[in-house]
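Each chain, letter by letter, is given below.
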Amino acid sequence: MDLLGALLKQVSRSFYLTLRILPPAIRPQIGLAYLLARTTDTIADTGIVSVEKRLSALNALRERILGTTAAPLDFGELARQQGLPAERVLLERCEEALSLLSTFSADDQQRIRDVLKTITSGQELDLQRFARASEQNIIALATDYELDDYTYRVAGCVGEFWTHMCRGHLFPVAPLDEKKLIENGIRFGKGLQLVNILRDLPKDLRQGRCYLPVERLNEAGLKPHDLLSLENETRLRPMYNELLDLAEAHLAAGWKYTNSLPRNCLRVGLACAWPILIGQDTIGKLRTGRVLDASQRIKTNRSEVRGIIIRSILLLPFRLRWQNQFIIRAEKGGKSD
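Residues numbered from 1 in each chain as written. Predicted model: local features only at pLDDT ≥ 70, side-chain atom pairs only at ≥ 80, totals over all residues. Heavy atoms only, no water.

Helices and strands together make up the secondary structure of the protein chain, namely 17 helices and 2 strands. Its C-alpha atoms give the protein chain a radius of gyration of 20 Å, near enough to 20 Å, the size a compact globule of 337 residues would have. Along the three orthogonal principal directions, the C-alpha set of the protein chain runs to about 55 × 55 × 35 Å. Counting across all 337 residues of the protein chain, residues that qualify as buried make up 52%. Across the protein chain, contacts joining residues at least 24 apart in sequence account for 73% of those joining residues at least 6 apart. When the accessible surface of the protein chain is totalled, it reaches about 15,700 Å², and 52% of it is carbon and sulfur. Measuring between centres, the 47 positive side-chain charges of the protein chain sit 6 Å from its 40 negative side-chain charges. (Helix = DSSP H or I, 4+ residues; strand = E, 2+ residues; numbered from the N terminus. Rg over C-alpha atoms; globule rule 2.2 N^0.38 Å. Buried < 20%, exposed > 50% of the residue type's maximum accessible area, 1.4 Å probe, protein only. Contact = heavy atoms within 4.5 Å. Areas by Shrake-Rupley, 256 points an atom, 1.4 Å probe, with all protein chains shown as cover. Lys, Arg positive; Asp, Glu negative; His and termini not counted. Charge placed at Lys NZ, Arg CZ, Asp CG, Glu CD.)

Here you go:
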């Protein structure tokens, strides 16, 4: 419980809010899946270690998660390279996290393995794609398809996993359009990831990574390296706004997902609503902020997050007003009341 409590809170303050509100029937499984995904992400992001060593460590952990090997893991070298104490502990206690996996039912183990297999495939692809990237050699995705594929691998698949987990434990016989539910769940995850990509553009560029597709940049008469200059923001804006529109459309699908859940699943509804509303608030700020300015990070601050959470809880008894939260915020450009 220390792993799924204190440690999880340290490595993800925002997700911990969501996890804490979930029903006990699914909280440990989703918490462990996140913790393992955070571990693989830490491995992938340890830039001081060579790409080859990170790929090897990532593959070794994936094989353990999938149950295809029982070989002990030693991430001591990777752990020593972590700047954040919580990420060092995450790697040092990886074996403990893996041991928790076997405590769940066979169905839940398979769900966790399936989502981690997809997530790690995205992380592996990212490492290979940007292996030689730097601020002087910015590498960009080629097409919209590559962007959509990436957002599915690292986040859209989580919406699918979340749906299967909730369906299996919370409303197994509820009369729902399961195909549509999964489709909207996938778009939910993609939307959140796309918001992250658009928000983190300046930071990623200075690491040599550009998730904005070359085919879109070409249409705007831009090259990836041009995005390092603030003076090019005006030329970037039209295509950037199109991607913001896409992100908001994905979040709108996530809102439909949230409101199609059985009415008695209030905890899951809140857990879904918070990241959607926070994401939309962030989109509103990105529409008006200086999105190429690396000196400032555009985000929804803690007091605004608290306001979103409190407001959503107060609106729970009023179904129409609850459902209209996303619509009202969209009309205001995603800004808080």
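Scanning the model with the defined rule gives 22 salt bridges in all. Across the pair Arg 216 and Asp 144 runs a salt bridge, and its minimum N-O distance is 2.8 Å. Placement of Arg 216 in helix H12 (residues 214-219) and of Asp 144 in helix H9 (residues 144-169) is noted, with a sequence separation of 72 residues between them. Ionic pairing is found between Arg 287 and Asp 245, a salt bridge with its closest N-O pair at 2.9 Å. Separated by 42 residues along the polypeptide, Arg 287 in helix H14 (residues 266-288) and Asp 245 in helix H13 (residues 233-260) bring together distant segments of the chain. (Salt bridge = Lys/Arg side-chain N within 4 Å of Asp/Glu carboxyl O.)

This part covers the packing of helix H10 (residues 178-199) against H14. Direction vectors running N to C along H10 and H14 enclose 35°, while the axes themselves pass 10 Å from each other. You can see that H10 and H14 cross each other, and the crossing is left-handed. Across from Phe 188, Leu 192, Val 195, Leu 198 and Arg 199 in H10, the residues of H14 making contact are Cys 272, Pro 275, Ile 276, Gly 279, Thr 282, Ile 283 and Leu 286. Its residues placed into classes, the contact of H10 with H14 shows 9 nonpolar, 2 polar and 1 charged. (Axes fitted to C-alpha atoms, helices over the stretch in contact; angles between N-to-C directions. Left-handed = near helix turned anticlockwise from the far one by under 90°. Nonpolar A, V, L, I, M, F, W, Y, C, P; charged D, E, K, R; others polar.)

Looking now at helix H15 (residues 302-315). Counted at 1.5 Å a residue, the expected span for H15 with its 14 residues is 20 Å, and the 20 Å between its end C-alpha atoms agrees. When H15 is considered as a whole, its buried residues turn out to be Val 305, Ile 308, Ile 309, Ser 312 and Leu 315. Along the axis of H15, the buried positions cluster into a sector of 140°, meaning they face one direction only. Counted as exposed and oriented over 90 degrees from the buried face of H15: Arg 302, Arg 306, Ile 310 and Leu 314. (Expected span 1.5 Å × (residues − 1). Arc of directions from axis to C-beta.)

Moving on, we come to the packing of helix H8 (residues 106-129) against H9. Orientation of H8 relative to H9, taken along the N-to-C sense of each, is 170°, at an axis distance of 10 Å. The orientation of H8 with respect to H9, classified from their angle, is roughly antiparallel. Among the residues making up the contact of H8 with H9, the classes are represented as 11 nonpolar, 6 polar and 7 charged. (Parallel < 35°, antiparallel > 145°, perpendicular 65-115°, else oblique.)

Empty space among the atoms can be located by rolling a probe the size of a water molecule over them. Within the structure shown, the criterion is met by 4 cavities of 30 Å³ or more. Within this model, the largest cavity holds a volume of roughly 120 Å³. If you trace the largest cavity, you find it lined by Thr 258, Asn 259, Leu 261, Pro 262, Arg 263, Cys 265, Leu 266, Gly 269, Leu 270, Leu 316, Arg 319 and Trp 322. Residue contributions to the lining of the largest cavity peak at 3 residues, all from H14. Looking at side-chain class alone, the lining of the largest cavity contains 7 nonpolar, 3 polar and 2 charged residues. (1 Å grid on protein atoms, 1.4 Å probe; cavity = no way out; pocket = protein on both sides within 12 Å on 5 of 7 lines; lining within 4 Å. Points joined across faces, edges and corners; volume = space filled by probe spheres on them.)

This brings us to the environment of Ile 138. Of note, Ile 138 is situated in the loop between H8 and strand E1 (139-140). On the basis of relative accessibility, which here comes to 13%, the residue Ile 138 falls in the buried class. On a C-alpha basis, the gap between Ile 138 and Asp 226 in space is 10.0 Å, while along the polypeptide they are 88 residues apart.

Ile 30, Phe 75, Trp 162, Leu 212, Leu 227, Leu 236 and Val 268 are the most contacted members of the largest nonpolar core, which has 104 residues in total. Among the elements that make up this core, the one with the highest residue count is H14 (10 residues). In this view, Leu 236 contacts Leu 201, Leu 212, Leu 217, Leu 222, Leu 227, Val 291 and Leu 292; residues no more than four positions away in its chain are not counted. (Core = buried A, V, L, I, M, F, W, Y, C linked by side-chain atoms within 4.5 Å.)

Turning our eyes to something else, we now look at the packing of aromatic side chains. Enumeration according to the criterion identifies 6 aromatic pairs in this entry. Here the aromatic residues Phe 130, Tyr 150 and Tyr 211 are joined through ring pairs into a cluster of three or more. Its guanidinium or amino end placed over the ring of Phe 318, Arg 321 lies 5.8 Å from that ring's centre, counting from NZ or CZ. (Phe/Tyr/Trp six-rings, centres within 6.5 Å; stacked < 30°, edge-to-face > 60°. Lys NZ or Arg CZ within 6 Å of the ring centre and 35° of its normal.)

The next thing to look at is the environment of Glu 219. Considering the arrangement of structural elements, one finds Glu 219 in helix H12. Here Glu 219 falls in the exposed class, since its relative accessible area comes to 70%. Between the alpha carbons of Glu 219 and Met 239 there is a distance of 8.6 Å; along the sequence they are 20 residues apart.

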